[in-house]
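Listed below are the residues making up each chain.
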Amino acid sequence: MKKCEIDHLVDSIVKELTHSKNKYQKDDTLVPIGVSGRHCHLTKEDFATLFGKTGSLTKKGNLSQPGQFAANETVTIAGPKGSIQNLRILGPFRKHTQVEVSITDSIKLGLKPPIRESGNIEHSSPFTIIGPKGSIFMEKGLIIAKAHIHMSPNDANRFRVQDGDFVRIKIRNEYRPISFEKVKVRISPNYVLEMHIDTDEANAANIRTGEFGELVHSGDVR
Ligand SMILES: [Zn+2]
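Here, residues in each chain are numbered from 1, in the same order as that chain's written sequence. Whole-chain, interface and lining totals are the exception, using all residues; otherwise, since this is a predicted model, local features are given only for residues with pLDDT of at least 70 and side-chain atom pairs are given and counted only at 80 or more. Note that the side-chain values use all heavy atoms of the structure and ignore hydrogens as well as water.

What follows deals with the nonpolar core. Counting 22 residues, the largest nonpolar core has Val75, Ile77, Val99, Phe127, Ile129 and Leu142 as the members making the most contacts within it. Taken together, the elements giving at least two residues each to this core come down to α2 (44–51), β4 (69–78), β5 (83–91), β8 (125–130) and β9 (135–145). Runs of H or I in DSSP of at least four residues are treated as helices and runs of E of at least two as strands, each being numbered from the N terminus. Broken down by element, the residue count for this core peaks at four residues, all from β4. Contacts were defined at the residue level, with two residues in contact if any of their heavy atoms lie within 4.5 Å. What Phe127 contacts, discounting residues up to four positions off in sequence, is Ile77, Ala78, Val99, Leu111, Ile136, Phe137, Met138, Lys140, Gly141 and Leu142. Here, nonpolar core means buried Ala, Val, Leu, Ile, Met, Phe, Trp, Tyr and Cys residues that are tied together by side-chain atoms lying within 4.5 Å of each other. Relative accessibility thresholds used throughout: buried, under 20% of the residue-type maximum; exposed, over 50%; partly exposed, between the two (1.4 Å probe, protein chains only).

Next up, the structure:
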């Protein structure tokens, strides 16, 4: 390829990228998507049992929601049919230990956890959690996280939604167009606009973190 052809090609790629960036900034129906891999939230007490009394979480990197971070520390979880190693711990510590996995993961574990909002672990699946210094049989705490959208009050005004509303998110993929129905909106001044889905949902829609879905008002799916 001649140099002028390459220059022309680079030019058109840059133009295309700039165009799509502007389009996302201007189009106020778009919601950025964050794909949550399987992960674990721990209480301070459970962390001490699994990692030894003197240990503490160390930060690997910040997550998109302010104050939330991925820790360097990982655990193993086990169910009747199998186990999953290197499960990332997310900080800070919480009031209840909770593990969020995909349906694919739950099949590997041999468990049938309910699809729940984070924090609601009543009647969720029992499992065993294993750290470098100890293990705990948890009578509950394993869930499949329900898709949800975090947004600030400003974003909520812009989208004309209220906390607890359900919306539809359309993924406009040419070959895997998918709509997520009954996605709950969660509003807080601390939230940054992002829809959270798990790896199974992301794979079903062939999307990755940083891509966008279109928010559709859906009073009919309340
Ligand atoms: Zn979330």
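Attention now moves to the packing of aromatic side chains. Ring pairs (aromatic) are described by centroid distance and by the angle formed between their planes. Note on aromatic contacts: the rings of Phe and Tyr and the six-membered ring of Trp form a pair at centre separations within 6.5 Å, being stacked when their planes are under 30 degrees apart, edge-to-face when over 60 apart, and tilted otherwise. By the definition in use, this model includes two aromatic pairs. Throughout this description, the term charge over a ring refers to an Arg CZ or Lys NZ atom that lies within 6 Å of the ring centre and within 35 degrees of the ring normal. A cation sits over an aromatic face here: Arg158 above Phe159, 4.7 Å from the ring centre. Sitting over the ring of Phe166, Lys182 keeps its end group 5.1 Å from the ring centre.

Bringing the confidence of the model for the chain into the picture now. What pLDDT expresses is the predictor's confidence in each residue, scored from 0 to 100. Chain-level statistics for the chain give a pLDDT mean of 90 and a share of 86% at 70 or above. Across residues 21–26 the pLDDT falls below 50, and counting only partners more than four positions away or on other chains, this stretch makes two contacts in the model.

Glancing now at the sheet that holds strand β13 (residues 194–198). Paired through their backbone hydrogen bonds, the strands of a sheet run either parallel or antiparallel. Strand order in this closed barrel of six strands is β1-β13-β10-β12-β11-β14, and the pairing throughout is mixed. Along the sheet, successive strands turn relative to each other by an average axial angle of 40°, direction set aside. DSSP calls a pair of strands paired once it identifies at least 2 bridges connecting them. To define axes, lines are fitted to C-alpha atoms, for helices over the stretch in contact only, and angles between the resulting N-to-C directions are given on a 0 to 180 degree scale.

Each metal site lists N, O and S donors within 2.8 Å (3.2 Å for Na, K and Ca). With water left out of the atoms, a site can look as if it is missing ligands. In this structure, His148 (NE2), His150 (NE2) and His196 (ND1) serve as the protein donors to the zinc ion, at separations of 2.0 to 2.1 Å. Taken in chain order, the donor set of the zinc ion reads H-x1-H-x45-H. The two residues His148 and His150 agree in class, both being buried.

The next subject is the side chain of Asp46. Within the secondary structure, Asp46 is located in helix α2. When charges are counted, Lys and Arg are positive and Asp and Glu negative, with His and the chain ends excluded. Here a salt bridge means any side-chain nitrogen of Lys or Arg lying within 4 Å of a carboxyl oxygen belonging to Asp or Glu. Despite being buried, Asp46 has no salt bridge partner; Lys53 is the closest side chain of opposite charge, sitting 9.1 Å away. Side chain to side chain, Asp46 and Thr97 meet in a polar contact 2.6 Å long. Contact partners of Asp46, with chain neighbours within four places excluded, come to Thr97, Ile136 and Met138. Counting of polar contacts relies on pairs of N or O atoms within 3.5 Å, with two restrictions inside protein: one atom must be capable of donating a hydrogen and the other of accepting it, and residues adjacent in sequence are counted only when both atoms are side-chain atoms.

A word on the pairing of strand β10 (residues 148–151). The alternating pattern of β10 places His148 and His150 and Ile149 and Met151 on opposite faces, both of which are buried. Relative to strand β12 (residues 178–187), β10 runs parallel, the two sharing four bridges. Bridge pairing in β12 links His150 to Arg186. In this sheet, β13 lies alongside β10 in antiparallel orientation, the contact comprising three bridges. If you follow Ile149 over to β13, its bridge partner there is Met195.

The buried count for β13 comes to five of five residues, which makes it a mostly enclosed element. Strand direction decides the pairing type here: strand β1 (residues 30–36) and β13, joined by four bridges, are parallel. By the bridge assignment for β13, Gly34 is matched with His196.

The final tally for this structure, using the stated rule, is six salt bridges. A salt bridge links Arg38 to Asp105; the nearest nitrogen and oxygen atoms lie 2.9 Å apart. In this pair, Arg38 is assigned in the loop between β1 and β2 (39–41) and Asp105 in helix α3 (residues 103–109), connecting sequence segments 67 residues apart. A relative accessible area of 6% means that Asp105 is categorised as buried. The shortest N-O distance in the salt bridge between Lys184 and Glu117 comes to 2.8 Å. One end of the pair, Lys184, is in strand β12; the other, Glu117, is in the loop between β7 (115–116) and β8, with 67 residues separating them in the sequence.

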